[in-house]
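Summary of structural features
What follows is the residue order along each chain.
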Amino acid sequence: MPVYLDNAATSWPKPPGVIPAMQDYLENCGGNPGRAGHGKALASARMTYEARDALTTLFNASSPDRVVFTKNATEAINLLLFGFLNPAEHVIVSSMEHNAVMRPLRELESRGVRLSVIPCDACGRLDPGLVKRAICPDTRLILILHASNVTGALLPIAEVAAIAREAEVRFAVDAAQTAGVCPIDMQAIGIDFLAFTGHKSLGGPQGTGGLAIGADVNLRPLIFGGTGSASESEIQPDFLPDKLESGTLNAVGIAGLGAALTDLMDFGVPNVLAHEQKLMGLFRDGLREIPEVEVYGPVNPRETVGVLSLNIGDLPCEEVGVDLERDFGILTRTGLHCAPAAHRTIGTFGRGTVRFSVSRFTTEADIQAALAAVSQLARSRR
Ligand SMILES: Cc1ncc(COP(=O)(O)O)c(C=O)c1O
């Protein structure tokens, strides 16, 4: 069995209920949600509603109708940015953002949107005071990721939300690395838009994700088409979630996501964070004993989720990744992790890093195996 430490890319294994739920959906249900009045379509609609409802509870979102399904966090972020921003408006992001944020924003910049990128420190931490100073009369949106997919560093979303609220600027969070790891209360924190992905720590299959939208904000659709509702009209409906969900949903994926959410909520999100931080503490303590290893990100595991980047001496990270899999059966991700801005921030843009990322199914034995492997690779360079 491989030691899977690439959960920041996509989680594996999935919770035990996910595969049976997807199989059961395909074998016994299979209708198109919202597209007919027969039993299969109604059962499918009920199942998708229950998943929306579970997500609403998980994030304390404003209502299930305002949780819009997408195929991943990237689509959710595009839906938000293209549906909300207009030319000449100003948006603020951190220097740790993933290309899921930076690429749509660079495109929007070419169409007249103005962008400020707030520098984080070399560990990937954000000073909220710098965000406050960047706000100007045209600022319409502040968007930051909740935790870095490169260093695992947590960003201060509550402090930035308070700054946004005071300035009457909308606040969005890219929770790709924290949904299912950190408790997130949209209403208590003051998050207007929460983009999440279903296939990482929520435990669902690939092809699931979504955008949770606050009660008093509106978006233009990114995609127009059939919704199963208001079929007499050729004009896009203006009610949610239909307005933003044209075309047939990934119902089989949502069935898997729903089962994953049930399992996650039974386990308890705070327990996921505690488990990941404990493993990161163990990993960091062990790595400190290997002089050739440079570890990036905050030293205190309480400032991170279960993601850690390192390099071993001057070994190319790609070579380390190949050796880890071939010689030790340890699966990691190497390179720039779709986040060039983050690597520029922590000083690894030229070479990238080897990233280890855990889930709630990762064990202490997995971490010990990773430590032994890194130690052996480092020793072989002496
Ligand atoms: C911080 C962050 N944002 C966005 C994404 C994009 O997620 P997805 O691939 O599910 O669209 C990722 C994926 O790794 C991520 O780590």
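Source: prediction; values computed, not measured.

How each quantity is defined
Residues numbered from 1 in each chain as written. Predicted model: local features only at pLDDT ≥ 70, side-chain atom pairs only at ≥ 80, totals over all residues. Heavy atoms only, no water. Axes fitted to C-alpha atoms, helices over the stretch in contact; angles between N-to-C directions. Helix = DSSP H or I, 4+ residues; strand = E, 2+ residues; numbered from the N terminus. Left-handed = near helix turned anticlockwise from the far one by under 90°. Contact = heavy atoms within 4.5 Å. Nonpolar A, V, L, I, M, F, W, Y, C, P; charged D, E, K, R; others polar. Phe/Tyr/Trp six-rings, centres within 6.5 Å; stacked < 30°, edge-to-face > 60°. Salt bridge = Lys/Arg side-chain N within 4 Å of Asp/Glu carboxyl O. Buried < 20%, exposed > 50% of the residue type's maximum accessible area, 1.4 Å probe, protein only. Near = heavy atom within 4 Å. Polar contact = N/O pair within 3.5 Å; in protein donor to acceptor, adjacent residues only side chain to side chain. Areas by Shrake-Rupley, 256 points an atom, 1.4 Å probe, with all protein chains shown as cover. Pairing = 2+ DSSP bridges. Core = buried A, V, L, I, M, F, W, Y, C linked by side-chain atoms within 4.5 Å. 1 Å grid on protein atoms, 1.4 Å probe; cavity = no way out; pocket = protein on both sides within 12 Å on 5 of 7 lines; lining within 4 Å. Points joined across faces, edges and corners; volume = space filled by probe spheres on them. Disulfide = S-S within 2.5 Å.

1. Structural notes on the packing of helix α1 (residues 18–29) against helix α8 (residues 251–267)
- One can describe the packing of α1 onto α8 by two numbers: an axis separation of 8 Å at closest approach and a directional angle of 145°. α8 is crossed by α1, and the crossing has right-handed handedness. Listed contacts from α8 to Val-18, Ala-21, Met-22, Tyr-25 and Leu-26 of α1 are Ala-251, Val-252, Gly-253, Ala-255, Gly-256, Ala-259 and Ala-260.
- A per-class count over the contact of α1 with α8 returns 10 nonpolar, two polar and no charged.

2. Some thoughts on the packing of aromatic side chains
- Overall, the coordinates contain four aromatic pairs when judged by the stated rule.
- A ring pair is formed by Tyr-4 and Trp-12, whose centres lie 5.9 Å apart and whose planes are at 65°; its orientation type is edge-to-face.
- Each ring, one from Phe-283 and one from Phe-356, has its centre 5.1 Å from the other, and the planes form 70°; the classification is edge-to-face. Taken together, the residues Phe-283 in helix α9 (residues 269–288) and Phe-356 in strand β13 (residues 353–357) connect sequence positions 73 residues apart.

3. As for the pattern of salt bridges
- One pass over the structure, following the stated rule, counts 16 salt bridges.
- The shortest N-O distance in the salt bridge between Arg-106 and Glu-109 comes to 2.9 Å. A residue pair is termed a helical-turn pair when its members lie 3 or 4 positions apart in one helix, as Arg-106 and Glu-109 do in helix α4 (residues 99–110) at three residues.
- You can call Glu-109 partly exposed: its relative accessible area is 32%.
- Its salt-bridge partner being Arg-114, residue Asp-138 comes within 3.6 Å of it at the nearest N-O pair. Within this pair, whereas Asp-138 is found in the loop between α5 (128–134) and β5 (139–145), its partner Arg-114 is found in strand β4 (residues 114–118), the two being separated by 24 residues in sequence.

4. What to know about the site of the ligand
- Of all residues adjacent to the ligand, which total 14 residues, the nearest are Thr-74, Asp-174, Gln-177, Thr-197 and Lys-200.
- Note that an oxygen atom of the ligand is positioned 2.5 Å from one of the side-chain N or O atoms of Thr-74.
- Lys-200 places a side-chain nitrogen or oxygen 2.6 Å from an oxygen atom of the ligand.
- If the ligand stood free it would expose 400 Å²; the protein chains cover 90% of that surface.
- In the shell around the ligand, the residues fall into five nonpolar, seven polar and two charged.

5. Overview of the sheet that holds strand β6 (residues 170–174)
- Here we have seven strands laid out as an open sheet, ordered β2-β8-β7-β6-β5-β3-β4, and mixed in their pairing. The open sheet has two edge strands, β2 (67–70) and β4, and neither has a second partner. Neighbour to neighbour, the strand axes of the sheet diverge by 20° on average, direction disregarded.
- With four bridges connecting them, strand β3 (residues 90–94) and β5 associate as parallel partners. Opposite Ile-92, over in β5, you have Ile-142 as the bridge partner.
- Together, β2, β5, β6, β7 (193–197) and β8 (209–213) form the strand contacts of helix α3 (residues 73–84), whose direction differs from that of β7 by roughly 155°.

6. Points about the nonpolar core
- The biggest cluster of nonpolar side chains holds 59 residues, and the ones touching the most others in it are Leu-55, Phe-59, Ile-142, Phe-171, Ile-191, Leu-194 and Leu-202.
- If we ignore the near neighbours within four places in the chain, the residues touching Ile-142 are Ile-92, Val-131, Ile-135, Val-160, Ala-164, Val-169, Arg-170, Phe-171 and Ala-172.

7. Quick look at the environment of Arg-381
- Within the secondary structure, Arg-381 is located in the segment after α12 (364–379).
- Sequence separation between Arg-381 and Leu-315 is 66 residues; the distance between their C-alpha atoms is 8.6 Å.

8. Section: empty space enclosed by the protein
- Applying the stated criterion to the full structure yields two cavities of 30 Å³ or more.
- Space inside the largest cavity adds up to approximately 90 Å³.
- In terms of lining residues, the largest cavity is bounded by 14 residues, among which Lys-200, Ser-201, Ser-359, Arg-360 and Phe-361 are the most central.
- Among the residues making up the lining of the largest cavity, the classes are represented as five nonpolar, six polar and three charged.
- There is about 60 Å³ of room inside the second largest cavity.
- Lining of the second largest cavity is provided by Asn-7, Ala-8, Gln-177, Val-181, Ser-201, Glu-276, Val-305, Gly-306, Val-307, Ser-357 and Val-358.
- Class assignment of the residues belonging to the lining of the second largest cavity gives a composition of five nonpolar, five polar and one charged.

9. Re the state of the cysteines
- For the structure shown, the criterion picks out zero disulfides.
- Among the cysteines around Cys-338, which has no disulfide bond, Cys-317 carries the closest sulfur, lying 14 Å off.

10. Let's talk about unusual backbone geometry
- The omega angle of the peptide bond from Trp-12 to Pro-13 is 0°, so this bond is cis rather than trans.
- Unusually for a residue other than glycine, Ala-88 sits at a positive phi of about 80°.
- Tracing the sequence through the fold places Ala-88 in the loop between α3 and β3.
- Even without being a glycine, Ala-230 presents a positive backbone phi close to 45°.

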